[in-house]
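So you can see what is in the structure, the chains are spelled out below.
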Amino acid sequence: MAEVIIESKQLDLFYGYFQALKKINLQFETNQIAALIGPSGCGKSTFLRCLNRMNDLVDGVKIDGEVLYEKQDIYAPNTNLVELRKQIGMVFQQPNPFPFSVYDNVAFGLRLAGVKDKKLLDEKVEKSLRQAAVWEEVKDKLHTNALSFSGGQQQRICIARVLAVSPKIILLDEPTSALDPISSAKIEETLINLKKEYTIIMVTHNLAQASRISDKTVFFMDGQVVEAAATKKMFLNPEKTATADYLAGKFG
Ligand SMILES: Nc1ncnc2c1ncn2[C@@H]1O[C@H](COP(=O)(O)OP(=O)(O)O)[C@@H](O)[C@H]1O
Ligand SMILES: [Mg+2]
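Everything quoted here is computed from the prediction, not taken from an experiment.

Peer 1: Help me understand the overall build of the protein, please; the structure alone is not making it clear to me.
Peer 2: A tally of regular secondary structure across the protein gives 10 helices and 10 strands. The C-alpha radius of gyration of the protein comes to 18 Å, within 12% of the 18 Å expected for a compact globule of 252 residues. Here the protein holds 252 residues, and 48% of them are scored as buried. Sequence separation of at least 24 residues holds for 67% of the intrachain contacts in the protein that already meet a minimum separation of 6. If the 31 positive side-chain charges of the protein are averaged to one point and the 30 negative ones to another, these points end up 1 Å apart.

Peer 1: Explain the environment of Thr 176 here, please?
Peer 2: The topology assignment puts Thr 176 in the loop between β7 (169–173) and α7 (181–194). Taking the C-alpha atoms as reference points, Thr 176 and Gln 209, separated by 33 residues in sequence, lie 9.6 Å from one another. Leave out the neighbours within four places in its chain, and Thr 176 touches Ser 184, Ile 187 and Gln 209.

Peer 1: Any chance you could explain the pairing of strand β6 (residues 88–91) here in plain terms?
Peer 2: The side chains of a regular strand alternate between both faces of the sheet. Both faces of β6 are covered, namely the face carrying Ile 88 and Met 90 and the face carrying Gly 89 and Val 91. Looking at chain direction, β6 and β7 are connected through four bridges and run parallel. Residue pairing across strands places Gly 89 opposite Ile 170, the latter belonging to β7.

Peer 1: Can you help me understand the site of ligand 1 in this one?
Peer 2: If you check the shell around ligand 1, you find 13 residues, and the closest are Gly 41, Gly 43, Lys 44, Ser 45 and Thr 46. In the model, an oxygen atom of ligand 1 is placed 2.9 Å from a nitrogen or oxygen of the Lys 44 side chain. At 2.5 Å, a side-chain N or O of Thr 46 approaches an oxygen atom of ligand 1. Protein contact buries 63% of the 560 Å² of open area that ligand 1 shows by itself. Looking at the shell around ligand 1 residue by residue, the class counts come to six nonpolar, five polar and two charged.

Rules behind the numbers
Residues numbered from 1 in each chain as written. Chains lettered and ligands numbered in written order. Predicted model: local features only at pLDDT ≥ 70, side-chain atom pairs only at ≥ 80, totals over all residues. Heavy atoms only, no water. Helix = DSSP H or I, 4+ residues; strand = E, 2+ residues; numbered from the N terminus. Rg over C-alpha atoms; globule rule 2.2 N^0.38 Å. Buried < 20%, exposed > 50% of the residue type's maximum accessible area, 1.4 Å probe, protein only. Contact = heavy atoms within 4.5 Å. Lys, Arg positive; Asp, Glu negative; His and termini not counted. Charge placed at Lys NZ, Arg CZ, Asp CG, Glu CD. Pairing = 2+ DSSP bridges. Near = heavy atom within 4 Å. Polar contact = N/O pair within 3.5 Å; in protein donor to acceptor, adjacent residues only side chain to side chain. Areas by Shrake-Rupley, 256 points an atom, 1.4 Å probe, with all protein chains shown as cover. Nonpolar A, V, L, I, M, F, W, Y, C, P; charged D, E, K, R; others polar.

If you want it as C-alpha coordinates, here you go:
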(Lines give C-alpha, C1' and ligand atoms only; values in the text may rest on other atoms or scores of the structure.)
(Ligands and ions follow the chains in the order given, each with its own letter.)
Protein backbone atom coordinates (compact mmCIF):
# COMPACT_ATOMS: atom_id res chain seq x y z
CA MET A 1 0.00 0.00 0.00
CA ALA A 2 1.47 3.32 -1.05
CA GLU A 3 1.72 5.87 1.71
CA VAL A 4 1.34 9.61 1.55
CA ILE A 5 4.79 11.24 1.66
CA ILE A 6 3.83 14.85 1.05
CA GLU A 7 0.55 16.74 1.14
CA SER A 8 -0.77 20.25 1.03
CA LYS A 9 -3.63 21.43 3.20
CA GLN A 10 -5.66 24.52 2.41
CA LEU A 11 -2.62 25.99 0.68
CA ASP A 12 -2.98 29.60 -0.48
CA LEU A 13 -0.21 31.56 -2.18
CA PHE A 14 -0.21 35.27 -2.97
CA TYR A 15 2.22 37.19 -5.17
CA GLY A 16 1.54 40.59 -3.61
CA TYR A 17 -2.23 41.02 -3.99
CA PHE A 18 -2.57 38.37 -6.66
CA GLN A 19 -3.71 35.00 -5.39
CA ALA A 20 -1.98 32.32 -7.47
CA LEU A 21 -3.04 29.29 -5.41
CA LYS A 22 -6.42 28.84 -3.75
CA LYS A 23 -7.01 26.26 -1.03
CA ILE A 24 -4.99 23.46 -2.56
CA ASN A 25 -5.51 20.11 -0.84
CA LEU A 26 -3.44 17.38 -2.46
CA GLN A 27 -1.72 14.20 -1.40
CA PHE A 28 1.15 12.42 -3.10
CA GLU A 29 2.11 8.80 -2.50
CA THR A 30 5.50 7.11 -2.50
CA ASN A 31 6.69 5.26 -5.61
CA GLN A 32 4.25 7.03 -7.87
CA ILE A 33 4.54 9.55 -10.65
CA ALA A 34 2.08 12.42 -10.36
CA ALA A 35 1.49 14.76 -13.29
CA LEU A 36 0.32 18.35 -12.80
CA ILE A 37 -1.49 19.62 -15.87
CA GLY A 38 -3.52 22.69 -16.82
CA PRO A 39 -3.45 25.83 -18.95
CA SER A 40 -0.45 28.14 -18.87
CA GLY A 41 -0.52 30.45 -15.85
CA CYS A 42 -2.83 28.25 -13.75
CA GLY A 43 -0.31 27.83 -10.92
CA LYS A 44 1.40 24.49 -11.65
CA SER A 45 4.96 25.77 -11.24
CA THR A 46 3.95 27.87 -8.25
CA PHE A 47 2.50 24.81 -6.54
CA LEU A 48 5.53 22.66 -7.38
CA ARG A 49 7.87 25.28 -5.92
CA CYS A 50 5.84 25.32 -2.69
CA LEU A 51 6.75 21.68 -2.13
CA ASN A 52 10.41 22.43 -1.40
CA ARG A 53 10.04 26.09 -0.45
CA MET A 54 11.56 27.50 -3.62
CA ASN A 55 9.00 30.31 -3.43
CA ASP A 56 10.76 31.65 -0.36
CA LEU A 57 13.24 33.14 -2.82
CA VAL A 58 10.54 35.26 -4.50
CA ASP A 59 9.86 38.73 -3.12
CA GLY A 60 6.37 39.56 -1.83
CA VAL A 61 5.17 35.97 -1.59
CA LYS A 62 2.73 35.09 1.17
CA ILE A 63 1.69 31.54 1.94
CA ASP A 64 -1.14 30.27 4.15
CA GLY A 65 -2.00 26.68 4.91
CA GLU A 66 0.37 23.78 5.27
CA VAL A 67 2.68 21.50 3.36
CA LEU A 68 3.36 18.34 5.32
CA TYR A 69 6.41 16.31 4.29
CA GLU A 70 6.57 13.06 6.24
CA LYS A 71 3.96 14.65 8.50
CA GLN A 72 6.12 17.68 9.36
CA ASP A 73 5.08 21.16 8.26
CA ILE A 74 7.91 22.37 6.01
CA TYR A 75 6.83 25.99 6.60
CA ALA A 76 7.56 25.66 10.32
CA PRO A 77 10.25 28.19 11.30
CA ASN A 78 12.74 25.55 12.40
CA THR A 79 12.84 23.79 8.99
CA ASN A 80 16.37 23.24 7.70
CA LEU A 81 16.06 24.40 4.09
CA VAL A 82 19.31 22.85 2.90
CA GLU A 83 18.27 19.46 4.25
CA LEU A 84 14.73 19.88 2.89
CA ARG A 85 15.96 20.64 -0.63
CA LYS A 86 18.28 17.64 -0.48
CA GLN A 87 15.33 15.41 0.31
CA ILE A 88 13.05 17.10 -2.19
CA GLY A 89 15.12 17.83 -5.29
CA MET A 90 14.08 19.91 -8.30
CA VAL A 91 14.74 19.61 -12.03
CA PHE A 92 13.84 22.56 -14.27
CA GLN A 93 12.57 23.03 -17.81
CA GLN A 94 15.89 24.25 -19.19
CA PRO A 95 18.71 21.85 -18.37
CA ASN A 96 20.97 23.86 -16.06
CA PRO A 97 24.20 21.98 -15.38
CA PHE A 98 26.96 24.01 -13.77
CA PRO A 99 29.70 25.02 -16.24
CA PHE A 100 32.09 22.37 -15.06
CA SER A 101 32.71 18.67 -15.61
CA VAL A 102 30.03 15.98 -15.51
CA TYR A 103 31.78 14.47 -12.51
CA ASP A 104 31.93 17.74 -10.60
CA ASN A 105 28.27 18.45 -11.36
CA VAL A 106 27.10 15.15 -9.91
CA ALA A 107 29.55 15.26 -6.98
CA PHE A 108 28.61 18.87 -6.17
CA GLY A 109 25.97 18.24 -3.50
CA LEU A 110 27.99 15.52 -1.81
CA ARG A 111 31.09 17.71 -1.62
CA LEU A 112 28.94 20.52 -0.27
CA ALA A 113 27.84 18.10 2.43
CA GLY A 114 31.50 17.48 3.26
CA VAL A 115 32.10 14.17 1.50
CA LYS A 116 35.80 13.98 0.51
CA ASP A 117 36.42 10.23 0.15
CA LYS A 118 37.35 9.81 -3.53
CA LYS A 119 36.14 6.20 -3.72
CA LEU A 120 32.77 7.07 -2.22
CA LEU A 121 32.38 10.03 -4.58
CA ASP A 122 33.31 7.85 -7.58
CA GLU A 123 30.73 5.26 -6.57
CA LYS A 124 27.96 7.79 -5.99
CA VAL A 125 28.66 9.61 -9.26
CA GLU A 126 28.52 6.37 -11.23
CA LYS A 127 25.40 5.11 -9.47
CA SER A 128 23.55 8.40 -9.99
CA LEU A 129 24.50 8.63 -13.66
CA ARG A 130 23.37 5.03 -14.14
CA GLN A 131 20.04 5.71 -12.43
CA ALA A 132 19.57 8.72 -14.66
CA ALA A 133 20.26 6.48 -17.67
CA VAL A 134 23.11 8.59 -19.00
CA TRP A 135 26.15 6.64 -17.71
CA GLU A 136 26.89 4.81 -20.98
CA GLU A 137 26.93 8.11 -22.85
CA VAL A 138 29.22 9.99 -20.47
CA LYS A 139 31.38 7.37 -18.74
CA ASP A 140 34.42 8.08 -20.94
CA LYS A 141 33.91 11.84 -20.70
CA LEU A 142 33.39 12.38 -17.00
CA HIS A 143 35.86 15.25 -17.01
CA THR A 144 34.35 16.99 -20.02
CA ASN A 145 32.33 20.16 -19.38
CA ALA A 146 28.68 19.18 -18.87
CA LEU A 147 27.59 22.04 -21.14
CA SER A 148 29.18 20.36 -24.15
CA PHE A 149 26.59 17.56 -24.12
CA SER A 150 23.20 17.55 -25.89
CA GLY A 151 20.15 19.06 -24.16
CA GLY A 152 18.74 15.61 -23.40
CA GLN A 153 22.04 14.43 -21.94
CA GLN A 154 22.36 17.63 -19.91
CA GLN A 155 18.88 17.07 -18.49
CA ARG A 156 19.77 13.53 -17.43
CA ILE A 157 23.01 14.85 -15.89
CA CYS A 158 20.83 17.30 -13.91
CA ILE A 159 18.64 14.40 -12.78
CA ALA A 160 21.80 12.55 -11.70
CA ARG A 161 22.92 15.62 -9.77
CA VAL A 162 19.63 15.56 -7.83
CA LEU A 163 19.83 11.78 -7.25
CA ALA A 164 23.38 11.95 -5.90
CA VAL A 165 22.23 13.50 -2.63
CA SER A 166 19.67 10.70 -2.07
CA PRO A 167 16.38 12.60 -2.25
CA LYS A 168 13.03 11.05 -1.46
CA ILE A 169 11.01 13.20 -3.83
CA ILE A 170 11.96 14.56 -7.24
CA LEU A 171 10.08 17.59 -8.55
CA LEU A 172 10.31 18.27 -12.27
CA ASP A 173 8.94 21.35 -14.01
CA GLU A 174 8.27 20.54 -17.68
CA PRO A 175 11.52 18.57 -17.85
CA THR A 176 11.15 17.59 -21.49
CA SER A 177 9.56 20.62 -23.07
CA ALA A 178 12.93 21.94 -24.29
CA LEU A 179 13.96 18.55 -25.69
CA ASP A 180 13.52 16.61 -28.93
CA PRO A 181 11.16 13.58 -28.97
CA ILE A 182 13.93 10.98 -28.66
CA SER A 183 15.50 12.69 -25.64
CA SER A 184 12.03 13.15 -24.14
CA ALA A 185 11.32 9.45 -24.50
CA LYS A 186 14.60 8.67 -22.72
CA ILE A 187 13.66 10.94 -19.83
CA GLU A 188 10.20 9.34 -19.61
CA GLU A 189 11.78 5.91 -19.46
CA THR A 190 14.19 7.14 -16.80
CA LEU A 191 11.34 8.50 -14.67
CA ILE A 192 9.40 5.25 -14.89
CA ASN A 193 12.47 3.41 -13.58
CA LEU A 194 13.10 5.98 -10.85
CA LYS A 195 9.64 5.64 -9.34
CA LYS A 196 10.66 2.26 -7.92
CA GLU A 197 12.85 4.17 -5.47
CA TYR A 198 11.51 7.71 -5.44
CA THR A 199 8.36 9.76 -5.54
CA ILE A 200 8.04 11.89 -8.65
CA ILE A 201 5.90 14.99 -9.10
CA MET A 202 6.07 16.52 -12.53
CA VAL A 203 4.52 19.49 -14.28
CA THR A 204 3.87 18.78 -17.93
CA HIS A 205 1.94 20.55 -20.65
CA ASN A 206 2.14 17.36 -22.68
CA LEU A 207 -1.08 15.44 -22.06
CA ALA A 208 0.14 12.37 -23.91
CA GLN A 209 3.15 12.32 -21.64
CA ALA A 210 0.97 12.59 -18.53
CA SER A 211 -1.20 9.71 -19.72
CA ARG A 212 1.82 7.57 -20.65
CA ILE A 213 3.84 7.77 -17.49
CA SER A 214 1.85 9.10 -14.55
CA ASP A 215 -0.14 7.18 -11.97
CA LYS A 216 -2.06 10.20 -10.81
CA THR A 217 -3.02 13.40 -12.59
CA VAL A 218 -3.97 16.74 -11.09
CA PHE A 219 -5.80 19.26 -13.27
CA PHE A 220 -5.27 22.89 -12.24
CA MET A 221 -7.18 25.91 -13.49
CA ASP A 222 -6.99 29.51 -12.25
CA GLY A 223 -5.03 28.57 -9.13
CA GLN A 224 -7.43 25.83 -8.11
CA VAL A 225 -7.50 22.08 -8.38
CA VAL A 226 -10.41 21.14 -10.61
CA GLU A 227 -9.85 17.42 -10.36
CA ALA A 228 -7.25 14.97 -9.05
CA ALA A 229 -7.56 11.28 -9.84
CA ALA A 230 -5.84 8.14 -11.01
CA THR A 231 -4.53 8.96 -14.48
CA LYS A 232 -6.52 6.24 -16.28
CA LYS A 233 -9.69 7.34 -14.58
CA MET A 234 -9.14 10.99 -15.40
CA PHE A 235 -8.35 10.42 -19.06
CA LEU A 236 -11.11 7.88 -19.65
CA ASN A 237 -13.82 9.23 -17.45
CA PRO A 238 -13.20 12.70 -16.02
CA GLU A 239 -15.61 13.89 -13.39
CA LYS A 240 -15.77 17.58 -14.34
CA THR A 241 -16.81 19.12 -17.64
CA ALA A 242 -13.84 21.48 -17.51
CA THR A 243 -11.46 18.51 -17.27
CA ALA A 244 -13.14 16.77 -20.19
CA ASP A 245 -12.97 19.94 -22.28
CA TYR A 246 -9.31 20.52 -21.46
CA LEU A 247 -8.36 16.92 -22.23
CA ALA A 248 -10.25 17.18 -25.50
CA GLY A 249 -8.16 20.21 -26.44
CA LYS A 250 -11.09 22.65 -26.32
CA PHE A 251 -8.94 25.24 -24.53
CA GLY A 252 -5.26 25.65 -23.97
N1 LIG B 1 7.27 35.70 -9.32
C2 LIG B 1 6.01 36.01 -9.64
N3 LIG B 1 5.50 37.22 -9.32
C4 LIG B 1 4.22 37.53 -9.63
N5 LIG B 1 3.36 36.72 -10.25
C6 LIG B 1 3.82 35.50 -10.61
C7 LIG B 1 5.15 35.08 -10.32
N8 LIG B 1 5.31 33.81 -10.78
C9 LIG B 1 4.12 33.47 -11.32
N10 LIG B 1 3.23 34.47 -11.22
C11 LIG B 1 1.82 34.45 -11.68
O12 LIG B 1 1.15 33.41 -11.00
C13 LIG B 1 0.30 32.69 -11.89
C14 LIG B 1 0.71 31.24 -11.92
O15 LIG B 1 1.98 31.13 -12.54
P16 LIG B 1 2.73 29.75 -12.72
O17 LIG B 1 2.72 29.03 -11.44
O18 LIG B 1 4.04 30.04 -13.33
O19 LIG B 1 1.77 28.99 -13.76
P20 LIG B 1 2.02 27.72 -14.68
O21 LIG B 1 3.27 27.05 -14.23
O22 LIG B 1 0.80 26.89 -14.50
O23 LIG B 1 2.12 28.21 -16.08
C24 LIG B 1 0.41 33.40 -13.23
O25 LIG B 1 -0.66 34.32 -13.32
C26 LIG B 1 1.73 34.10 -13.16
O27 LIG B 1 1.73 35.25 -13.96
MG1 LIG C 1 5.07 26.69 -15.26
